[in-house]
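Chain and residue survey
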Amino acid sequence: MPNGTGRTTCRKNIMKAIIPVILLLFVSGGVFGQNISVSAGLDSDEIWLGDSVQLTIYLQGSEQAITPKLYIPDVRTDPLGGTVRSSRSVTNINGKVTETVRKAYVYGFRLTPAKSGNITIPPIEIEAEGKKLATNELTFQVRQPRTSEDFSLELQFDREQVFLNEECFLKISFLYGKSLRSLQINIPGLDGLDYDALPAAAGRDQYEININGEPIVFGSESRGGRSGLSAVLSLKPDTEGTFRLENSTASFESVTGYEQVQDFFGRIHQQEAYGRTVIPGNSAVIRVNDFPAGGKPDGFFGLSGDISLELLLEPRDVHIGDPLTLSLMIHGMNNTDIRIPPLAGYLGDGIDIPDTRSSAKVSGNTKTITQTIRIKDSSVNKIPPIRFSYFNTDTEKYEYAETIAIPINVLETQIVTSGELEGGTSGQAEKKVKLESRRDGIYFNYTGDDLLRPGLIMTDIISGSLLIKIILLLPPAVFLVITLVTRLLPQLRERAAERADRSRAVRKLRRSMGRTKSGDVNEFLREFNRDLTGFLKIHGTAEDSAKLKNTFESINGVLYGQQQLIFNDAAELVDEALKILESGEARK
């Protein structure tokens, strides 16, 4: 029966269309029915003064990136960033398909208190998906370290005040009268200063101690009948103000007694029992002064130290337009990052100076600038002195440094006559050169009647001589090559220097992480996260690389989420990120 068959087919088609819609609504119940909530937690409810605690904020039901506003009196807050921590699962039980999607976003802070006692974190307001939410209130205790007769931590600057970018030294000494292990030093105020560790004195035993999580080489020493370790940091503060290094601590494990232990054969013996100890360090203060306003000369651009200038030039015998290489060396700089102004204002007229110049080279406290110049006036017979004003931090006065004038010999420009091109002398050429007028025009510098053939013009002469072609094309070709080299070579050198600096930094980062062979997984990954964040800020590596982004999410999953890893897996995760940096795949 055709009609009945058509109705049956129609009903089947309708059911085929409706069933997926019903199934979609049923399956998606886990997606749309999830509520949005927020909570917060701490990785510890008790720390020592000088230590840090990690605050983690969990946003459930949304993947919206949040930027919480967090202010806690007497507590320094360092954002650790956030990541999406969503999950998806599908189950099929007796043909009943269920999909569950849980959306989540996790954000972290590192909190470093500046005083002891109970610290309260008030509810943190967050807006997500158009809703205003607030976290729960949290409290943790900050214990005050206690001094000890057996241990001490001392900080000492070599002077009370310095000027901007002037080098000063901070000595860090740790003295001990009992055996200890796992020494770590925390100096909160040091994070805001740029410093380099000086090499330990030769002939002393050397030990690697972490300061604020960064390994620093200490040398052994003894004082007052106690053994000790010390390191010296070189600092060049570039911000005016008073810097106080307070609430520094040294944490370690020291012998607290003895305990009985049973060995593999069941024998009982005593061994030293260790317990965690935290002691405070003294406060160290230094004042950083700006350069005085009185007597500041015109043209002063921040150069300071005990400055001397040296100027090199080659060659000394040149034609007009020939390139010369000028090298200016500035010795005794406090801050080699100071930008040296263009040299055009110091060399005067008659000398052409391109806008671009090679990247400066730094060696110690000397900065070398290489510049290509050209003489454009035959009256120029010397490179005039270059004179810079600077602030002498030893005499505390403004002074001048000046190069000596360098004499040069500008040669006459050589003129080649047509006679010389034809193989004769210049005198013979003058006799042969005539001017003839024809109805086709005037021909210059012809040497015979053959040049007066009808239809012969200068283009015919040029096309017939390979030597003339070379002479005509050579100057623009040389100019083009010089222009390309002048403009591209500095950029290539700069990029090569950046790649070399980046490679050294990756190797240093790998060595730093390779020293940790086992331990707490979270602390290991947290240290790598801090070091990698610092690397990205300095070397401009793009964090949006797909591979590097996946590795970041895996690390954050362990730090802020529920994911668990053994130490070997965490080490492989760090090694994967380092390989990405070494390969350059994450480079901008």
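For clarity, every value in this text was computed on a predicted model and none was experimentally measured.

**Quick notes on the packing of aromatic side chains**
Tallied over the full model, the rule gives 12 aromatic pairs. In textbook terms, an aromatic cluster arises when at least three aromatic residues are bridged by ring pairs, as seen for F163, F291, F300, F391 and Y398. If you follow R181 out to its NZ or CZ, it ends over the ring of Y274, 3.9 Å from the centre. Over the ring of Y400 we find R387, and its NZ or CZ is 3.8 Å from the ring centre.

**What about the pattern of salt bridges?**
The tally for this structure, following the rule as stated, stands at 15 salt bridges. One salt bridge connects R76 with D78, and the closest N-O pair in it is separated by 3.1 Å. On the accessibility criterion, D78 (19% relative accessible area) is buried. Two residues, D158 and R159, come together in a salt bridge whose shortest N-O distance is 3.3 Å.

**Let's talk about helix α10 (residues 567-583)**
One full turn of an α-helix is made of 3.6 residues, so residues set three or four places apart face in the same direction. The end-to-end C-alpha distance of α10, which contains 17 residues, comes to 24 Å, matching closely the 24 Å that a straight helix rising 1.5 Å per residue would cover. The set of residues buried in α10 consists of F567, A570, L573, V574, A577, L578, I580 and L581. With its buried residues spanning 155° around the axis, α10 presents them on a single face. In α10, the exposed positions that point more than 90 degrees away from the buried face belong to N568 and E572.

**Brief notes about the confidence of the model for the protein chain**
Per-residue confidence for the protein chain gives a mean pLDDT of 77; residues scoring 70 or more make up 78%. Between residues 1-33, whose pLDDT stays under 50, and residues either more than four places distant or in other chains, the model counts 9 contacts. A low-confidence stretch, residues 416-456 stays under pLDDT 50, and its non-local contacts, those more than four residues away or across chains, total 39 contacts.

**Remarks on a negative patch on the surface**
On the surface, E167, D194, D196, E214, D238 and D337 cluster together into a patch of negative charge. Note on placement: D196 falls in strand β16 (residues 195-197).

**Considerations on the sheet that holds strand β1 (residues 37-42)**
One open sheet accounts for 4 strands, arranged β1-β3-β7-β4; its pairing is antiparallel. Each edge of the open sheet is held by one strand with a lone partner, namely β1 and β4 (75-84). In this sheet, neighbouring strand axes are inclined to one another by 20° on average, regardless of whether the strands run parallel or antiparallel.

**Details of the nonpolar core**
Ranked by internal contacts, the top residues of the largest apolar core, which has 36 residues, are L170, I172, I185, L190, F218 and L235. Contact partners of I172, with chain neighbours within four places excluded, come to L153, E154, L155, I185, I187, I211, F218, L229, S230, A231 and L233.

**A few points about the pairing of strand β29 (residues 366-375)**
By the criterion of burial, β29 is predominantly enclosed, with 8 of the 10 residues buried. As judged from the 2 bridges shared by strand β27 (residues 351-352) and β29, these two strands associate in the antiparallel manner. Pairing of D352 across the sheet is with R374, part of β29. Two strands pair when backbone bridges link them, and strand β28 (residues 361-363) and β29 are joined in this way by 3 bridges, in the antiparallel orientation. When the bridges of β29 are listed, S363 appears paired with T366. Here β28 hands over to β29 after 2 residues, with G364 in that stretch at a positive phi of 65°.

**Details of the environment of R276**
Structurally, the position occupied by R276 is in strand β22 (residues 268-280). Linking R276 and F252, residues 24 residues apart in sequence, is a C-alpha distance of 5.7 Å. Excluding anything up to four places from it in sequence, R276 contacts W48, D51, S251, F252 and E253. Looking at R276, its side chain comes within polar contact range of the side chain of D51, at 3.2 Å.

Thresholds applied
- Residues numbered from 1 in each chain as written.
- Predicted model: local features only at pLDDT ≥ 70, side-chain atom pairs only at ≥ 80, totals over all residues.
- Heavy atoms only, no water.
- Phe/Tyr/Trp six-rings, centres within 6.5 Å; stacked < 30°, edge-to-face > 60°.
- Lys NZ or Arg CZ within 6 Å of the ring centre and 35° of its normal.
- Salt bridge = Lys/Arg side-chain N within 4 Å of Asp/Glu carboxyl O.
- Buried < 20%, exposed > 50% of the residue type's maximum accessible area, 1.4 Å probe, protein only.
- Helix = DSSP H or I, 4+ residues; strand = E, 2+ residues; numbered from the N terminus.
- Expected span 1.5 Å × (residues − 1).
- Arc of directions from axis to C-beta.
- pLDDT = per-residue confidence, 0-100.
- Contact = heavy atoms within 4.5 Å.
- Patch = residues over 30% accessible without salt bridge, like charges linked within 9 Å, V, L, I, M, F, W, Y side chains within 5 Å.
- Areas by Shrake-Rupley, 256 points an atom, 1.4 Å probe, with all protein chains shown as cover.
- Lys, Arg positive; Asp, Glu negative; His and termini not counted.
- Charge placed at Lys NZ, Arg CZ, Asp CG, Glu CD.
- Pairing = 2+ DSSP bridges.
- Axes fitted to C-alpha atoms, helices over the stretch in contact; angles between N-to-C directions.
- Core = buried A, V, L, I, M, F, W, Y, C linked by side-chain atoms within 4.5 Å.
- Polar contact = N/O pair within 3.5 Å; in protein donor to acceptor, adjacent residues only side chain to side chain.

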